[in-house]
Amino acid sequence: MDQYAQTASIIVTLGAVFLAIAVALWAFRLTVGARAVNLKWRQRAIALEERLNRSISVFAAHPGLVLVWAEDVAKPDDLQNPWGEPDLFGSSVALGAMLKFAENAGHDEPAKGILDGLADFEARSTNGDDTTLRQVLKELRLHGTAFSLTIIGASGRFIEADGRAAGSQIVLWLTDSTIKGLEESGARGRLEEVRHILSEDPVAFIDMLGKAPFPVWRLSSGQKLIWANACYVETVEAKDLDDVLKQQILLSSDTAEMTKICLAESDAKSGVYPVVIDGELRQLEIGAWPVSGGLTCVARDVSDNAALQAKMERQSKAHDETLDHLADAVAIFSPGQRLIFHNTAFRTLFDLDAIWLDERPDHGALLDHLRERRRIPDQADYQEWKASELERYHQSPDQENVDELWLLPDERTLRVTTLRHQLGGLLYVFEDISDQLTLQTKFNTLISVQRATLDKLSEAVVVFGADGGLRLHNEAFVKLWELNEKNLTVGEPFAKIAKNCRALFHDERYWQEMQATITDMSPEVRGHRQAEIERADGKILTWVSWPLPDGATVVAWVDITDTKRVEKSLREKNEAMETVVRLKADFVSHVSYQLRDPLNTIVGYAGMLSENMAGELAKQQRAPVESILSAGNQLTTVFKNILDIAAIDAGTLELQLGDVDVHQVIEEVVQLAQTHAEDTRIQIKIDCAEDIGMIRADGTRLKQVMYNLLANAVKFSKSGGEVVIGGTRLKKEVRLWVADNGAGIDPKDQTRVFEAFESGSAGGAGLGLALVRKLIDMHGGRVSLQSEPDKGTKVTCHLRLKAKITNAAPELMLEGEPS
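Attention here is on the structure that accompanies the text. As the structure is a prediction and not an experimental result, all values here were calculated from the model.

## Brief notes about the packing of helix H19 (residues 494–501) against helix H20 (residues 508–519)
Then step 1. Running from N to C, H19 and H20 cross one another at 155°; their axes reach a closest spacing of 11 Å. Taken as axis vectors, H19 and H20 run roughly antiparallel relative to one another. Note that H19 runs across H20; the crossing there is right-handed. Side by side, H19 and H20 meet where Phe 494, Ala 498 and Cys 501 of the first sit next to Trp 511, Met 514, Gln 515 and Ile 518 of the second.
Then step 2. Residues of the contact of H19 with H20, tallied by class, amount to 6 nonpolar, 1 polar and no charged.

Encoded structure:
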């Protein structure tokens, strides 16, 4: 080491000499008058130059190389020029030996080539630490850290390297121990210690790499390929190793940048690169690390792993997209309590900012944020509740999932499910069940109302599901079939219920068909059914079944026993009444026909006698004859009315429709009734406009109606009374009426005066008003009555402008007539 100190001193001296020479030359040029001084300085410069030459000769005698960085600006991380600009000194023998390390470095400058060749060989410091020249030289240039180490080169060569800072300069001594004859020095021992594994069986180790089933190769510090195994040669499709080395066939040219960084940082690097092998694109993971002045590289085919990883990434993306489309909100937290996933529903449910969520806040911060926005339930002790939520991260993975309800301040209700995530952490699912709870409440209320309604029904109602199980029934069902309420639980099979009902109705086929209707989903069997059954206790039931949309079936029974009895009684009574009416009609028709001819004879002869055709009647004879004639005419009218009513009831009377002048009908009717009215001193007045117009009706029957009404009014009016007959035309009808100021009709008799053979308390046959109503009904009109005792009576006929053609003669039914 004294030698190295002496050399440093020489270098310093050389610097001083150069400085003195420079000063002398400068002074010489400043003044011509100081030639003597300049001569003195020239002589001194010559002396210094001789001294410098002697120093250089000393450097040349040194058995190694010396590299000097003058005022070095260290930039060891500069990948283009990591070594800077060192000056090279030393013996030519040492330089020749050292240049062997620069063969594969790719540098034109010897100093940089030698540094590249030695930088990454294995080395051992004086402290026994493993390192490289690249690492320690970097520390020296950056921080001035001195070092001494032994570099283990190729072919068993040992290089001693010492680095020191000399003022602002950096000096590196490199000495080949082999040249110095130091093979037996301590460096060899240190080498054996470092490579103790290889020393046991180095041949086997090298043979193992050569036969490895994966590509292995070595690069020099200049990134030239210097060795490769058989698998590498086969992979690059070369003839042999010599062909690979000669053509420098690299497995992938994309690794150049990675290997350059690996050499610069003296650290292992790796990456995945695409390589075409046998015409197929494969993914190879290539790793490189500094070894013995170069790089060792290994390639591993990870195509299947890459494909599997890509598939897993696609599945993960698809999983995330699926969760993002869910209606329920989903949030996933990592084991470190960070939000690592959330879907759109989560962001919408809590109205959170997407940018803030993408920053992956921790669980606690999220809870605090939700609390500030009142998006979580109010808690009496929020910190305790928060701590319990976060404690779930530390619970056992076997802990059961937590399902709870959150009642939010905005009256929403959330179902929150907490699960342990398969990759660690927690998964939360939030479901807004506010609407569901509202619907469920409404549904329960509806069911309660339906059940209460069913219980109030008198009909027996039962509902069976598609599986035949009981769903719903009312109290009437229990009572009707005399069942025990305890045996009618929800889900009770139909077969058991039917078995209990067979005691009252034994028809096995009936119950089988009903069971098929309930449980068989085929349209041919399932459908609406209705029938009657008679039970063993004599009760008659009508039943109906109806399928419901949800697959259930409702069955209802109604006890119609009393209804059937009443129906039977009414049917028998109706048959009896029809018989009576038929006998009555036959009797009236028969009697009327048998009496009409004798009556006509009596009236005819009475008329002849009244007209003195058989001779002049005595005064005593005329009164009886007039009485006979009046009674005969009255009886003839009664018989005629009876025949008309009978014809109407039998449906054989037809209207002869035509255009009828209403005013003319009224005048003619008044003329017919005038004689009798004069006899009773009753005044008849007409209240009808002459231009009332025409209506379509049966004129003869209309006169008959008005005559009956007028005759009836005259009959029941007191002597000196007044009867008014009139008509009014409205928009859709014509009203004809007859009013008197007679005795009137008692209210209790008003509902019966239009019935045949009903005349009330006034007496008479009671056919006139009955015939009036029937004839007006045939025209499609109606009759109304207004009467008060002792004030008179008014009967009004409401006639359509065009009578119904239903009861008209066929030959008079005109197209377009209203029916």
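Don't stop here, the text continues.
## Quick notes on the pattern of salt bridges
Then step 1. Tallied over the entire structure, the rule returns 28 salt bridges.
Then step 2. Each of Glu 85, Glu 109 and Lys 112 takes part in a single network of salt bridges with overlapping partners.

## Description of the environment of His 143
Then step 1. Note on placement: His 143 falls in helix H5 (residues 133–143).
Then step 2. Given the relative accessible area of 58%, His 143 is considered exposed.
Then step 3. Residues His 143 and Ala 165, 22 residues apart in the sequence, show an inter-C-alpha distance of 9.4 Å.

## Here's the deal with the state of the cysteines
Then step 1. Per the stated rule, a full pass over the model turns up 0 disulfides.
Then step 2. The thiol sulfur of Cys 262 is not disulfide-bonded, and the nearest other cysteine sulfur, from Cys 297, lies at 7.4 Å.

## Focus on unusual backbone geometry
Then step 1. At Asp 351, a position not held by glycine, the phi torsion is positive, near 55°.
Then step 2. With respect to the helices and strands, the residue Asp 351 is situated in the loop between helix H13 (344–350) and helix H14 (354–358).
Then step 3. A relative accessible area of 45% means that Asp 351 is categorised as partly exposed.
Then step 4. You will see that Glu 482, though not glycine, has its phi angle at about 55°, which is positive.
Then step 5. Along the chain, Glu 482 falls in the loop between helix H18 (475–480) and H19.

## Some thoughts on the sheet that holds strand E4 (residues 130–131)
Then step 1. Spatial strand order, E2-E1-E7-E6-E5-E3-E4: 7 strands in an open sheet with antiparallel pairing. Either end of the sheet is taken by a strand with one partner, and the two such strands are strand E2 (87–90) and E4.
Then step 2. Both strand E3 (residues 123–125) and E4 contribute to a ladder of 2 bridges, which runs antiparallel. Across the sheet, residue Arg 124 finds its bridge partner in E4, namely Asp 130.
Then step 3. With respect to the sheet, H5 is in contact with strand E1 (64–69), E4, strand E5 (147–152), strand E6 (158–166) and strand E7 (169–176), its orientation differing from that of E5 by roughly 160°.

## As for the environment of Val 662
Then step 1. Note that Val 662 resides in helix H23 (residues 662–679).
Then step 2. In this structure the C-alpha to C-alpha distance between Val 662 and Gly 726, which are 64 residues apart in sequence, comes to 9.6 Å.
Then step 3. Those residues in contact with Val 662, other than ones at most four positions away along the chain, are Ile 692, Gly 693, Ile 695, Val 734 and Leu 736.

## Details of a nonpolar patch on the surface
Then step 1. On the surface, a nonpolar cluster with roughly 350 Å² of combined accessible area is contributed by Tyr 605, Met 608 and Met 613.
Then step 2. As for its position among the elements, Met 608 is in helix H21 (residues 561–610).
Then step 3. Accessibility expressed as a relative area gives 36% for Met 608, which makes it partly exposed.

## Details of the packing of helix H15 (residues 363–372) against helix H16 (residues 382–390)
Then step 1. One can describe the packing of H15 onto H16 by two numbers: an axis separation of 10 Å at closest approach and a directional angle of 140°. As judged from the angle between their axes, H15 and H16 are oblique. Pair H15 / H16 crosses with right-handed handedness. Between H15, through His 363, Gly 364, Leu 367, Asp 368 and Arg 371, and H16, the contact on the second element is made entirely by Tyr 382, Trp 385, Lys 386, Glu 389 and Leu 390.
Then step 2. Its residues assigned to classes, the contact of H15 with H16 comprises 4 nonpolar, 2 polar and 4 charged.

Thresholds applied
- Residues numbered from 1 in each chain as written.
- Predicted model: local features only at pLDDT ≥ 70, side-chain atom pairs only at ≥ 80, totals over all residues.
- Heavy atoms only, no water.
- Axes fitted to C-alpha atoms, helices over the stretch in contact; angles between N-to-C directions.
- Helix = DSSP H or I, 4+ residues; strand = E, 2+ residues; numbered from the N terminus.
- Parallel < 35°, antiparallel > 145°, perpendicular 65-115°, else oblique.
- Left-handed = near helix turned anticlockwise from the far one by under 90°.
- Contact = heavy atoms within 4.5 Å.
- Nonpolar A, V, L, I, M, F, W, Y, C, P; charged D, E, K, R; others polar.
- Salt bridge = Lys/Arg side-chain N within 4 Å of Asp/Glu carboxyl O.
- Buried < 20%, exposed > 50% of the residue type's maximum accessible area, 1.4 Å probe, protein only.
- Disulfide = S-S within 2.5 Å.
- Pairing = 2+ DSSP bridges.
- Patch = residues over 30% accessible without salt bridge, like charges linked within 9 Å, V, L, I, M, F, W, Y side chains within 5 Å.
- Areas by Shrake-Rupley, 256 points an atom, 1.4 Å probe, with all protein chains shown as cover.

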